[in-house]
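As a plain string of letters, each chain reads:
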Amino acid sequence: MSERLILTLAILGGTGKVGPGLAYRWASAGYHVIIGSRTPEKAERVAAEVNERLGRDVVRSMANEEAVQSCDIAVLTVPYEAHTSILEALKDHLQGKVLVDTTVPLVPPKEGQVQMPSAGSAAQEAQEILGDGVDVVAAFQNVSHIHLLEDRPVPCDVLVCGDSEEARKQALTLVAAAKLVGWDAGPLQNAVVVEGLTSILIGINQRYKVKAAGIRITGEPVENRADPE
Ligand SMILES: NC(=O)c1ccc[n+]([C@@H]2O[C@H](COP(=O)([O-])OP(=O)(O)OC[C@H]3O[C@@H](n4cnc5c(N)ncnc54)[C@H](OP(=O)(O)O)[C@@H]3O)[C@@H](O)[C@H]2O)c1
């Protein structure tokens, strides 16, 4: 990281289940990481927990709006019910940036049932709300937070969808930095399958008493599988 620009990543709603694991992994890889929240004190507490785990005081905390303004790439980790409202609130600040959207359009209580929004997927909904000035990329939907918090190779691959090839590349770099195997899964409209797959994985968890089911891409080229197992 030392010879190139170190990017700043803002994890919006980073105080929940997914945010801390990603923050720990990206800070470990040398990125500047900001935990964003509606409540700065909550962000501060979670950032302190991540820093304690890192053994370094490097992860910062901010209100979501300030975090977006301070970042190069934003990562959205909020429940689907908060998706539209947070995007509308942050729309202006996100212009010109890449937004990595982890959202799965789960509809309680039937989280194990695929229920996609009329836009096709949560990521397409985000793109519609934000407009062409933001490059939305869908990623991390199929990885349980349980694995992200573990200090070992994650037994789940990450499918990355987005209409901008450059933004997909940037997201794939972040996936690799988080020590996961990522695959370019094509345009944003393909996020319908990736997001829908999460409901199938949740159903498998419930029916088979699996802790955190995931997916793996098999076949050639095997050199894509760079994880140290
Ligand atoms: N959990 C998993 O294993 C997993 C795996 C893959 C993908 N996902 C997807 O990733 C996203 C995040 O999952 P998560 O489990 O981390 O979510 P979460 O823990 O339920 O919530 C994350 C954060 O979202 C913020 N939030 C909640 N309601 C909000 C609202 N109305 N407006 C604005 N912010 C709100 C909260 O932050 P503040 O209170 O600090 O603002 C909360 O800490 C979800 O869409 C989920 O489907 C989850």
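Residues numbered from 1 in each chain as written. Predicted model: local features only at pLDDT ≥ 70, side-chain atom pairs only at ≥ 80, totals over all residues. Heavy atoms only, no water.

## Looking at the site of the ligand
(1) Moving on: In the vicinity of the ligand, 20 residues are found, and the nearest of them are T15, S37, K42, V78 and H145.
(2) Moving on: Between the ligand and the protein, one listed contact pairs an oxygen atom with a side-chain N or O atom of S37 at 2.5 Å.
(3) Moving on: Residue V104 places a main-chain N or O atom 3.4 Å away from an oxygen atom belonging to the ligand.
(4) Moving on: Protein coverage of the free-state accessible area of the ligand, which is 890 Å², stands at 81%.
(5) Moving on: Placement of the ligand is best described as lying within the largest pocket.
(6) Moving on: In terms of residue class, the shell around the ligand is built from 7 nonpolar, 10 polar and 3 charged. (Near = heavy atom within 4 Å. Polar contact = N/O pair within 3.5 Å; in protein donor to acceptor, adjacent residues only side chain to side chain. Areas by Shrake-Rupley, 256 points an atom, 1.4 Å probe, with all protein chains shown as cover. 1 Å grid on protein atoms, 1.4 Å probe; cavity = no way out; pocket = protein on both sides within 12 Å on 5 of 7 lines; lining within 4 Å. Sits in = over half its atoms within 2 Å of the grid points. Nonpolar A, V, L, I, M, F, W, Y, C, P; charged D, E, K, R; others polar.)

## Side note on the sheet that holds strand β4 (residues 73–76)
(1) Moving on: Taking strand neighbours across the sheet as the criterion, the 8 strands line up as β3-β2-β1-β4-β5-β6-β7-β8 in an open arrangement whose pairing is mixed. The sheet is open, and its two borders are formed by β3 (60–63) and β8 (182–184), each paired with just one other strand. Direction aside, neighbouring strands of the sheet carry axes that sit 25 degrees apart on average.
(2) Moving on: By the bridge criterion, 3 bridges tie strand β7 (residues 158–162) to β8 in an arrangement that is parallel. Across the sheet, V158 pairs through a bridge with G182, a residue of β8.
(3) Moving on: Its contacts with the sheet put helix α5 (residues 122–130) on β5 (98–101) and β6 (135–138), and the angle it makes with β6 is roughly 170 degrees. (Pairing = 2+ DSSP bridges. Helix = DSSP H or I, 4+ residues; strand = E, 2+ residues; numbered from the N terminus. Axes fitted to C-alpha atoms, helices over the stretch in contact; angles between N-to-C directions. Contact = heavy atoms within 4.5 Å.)

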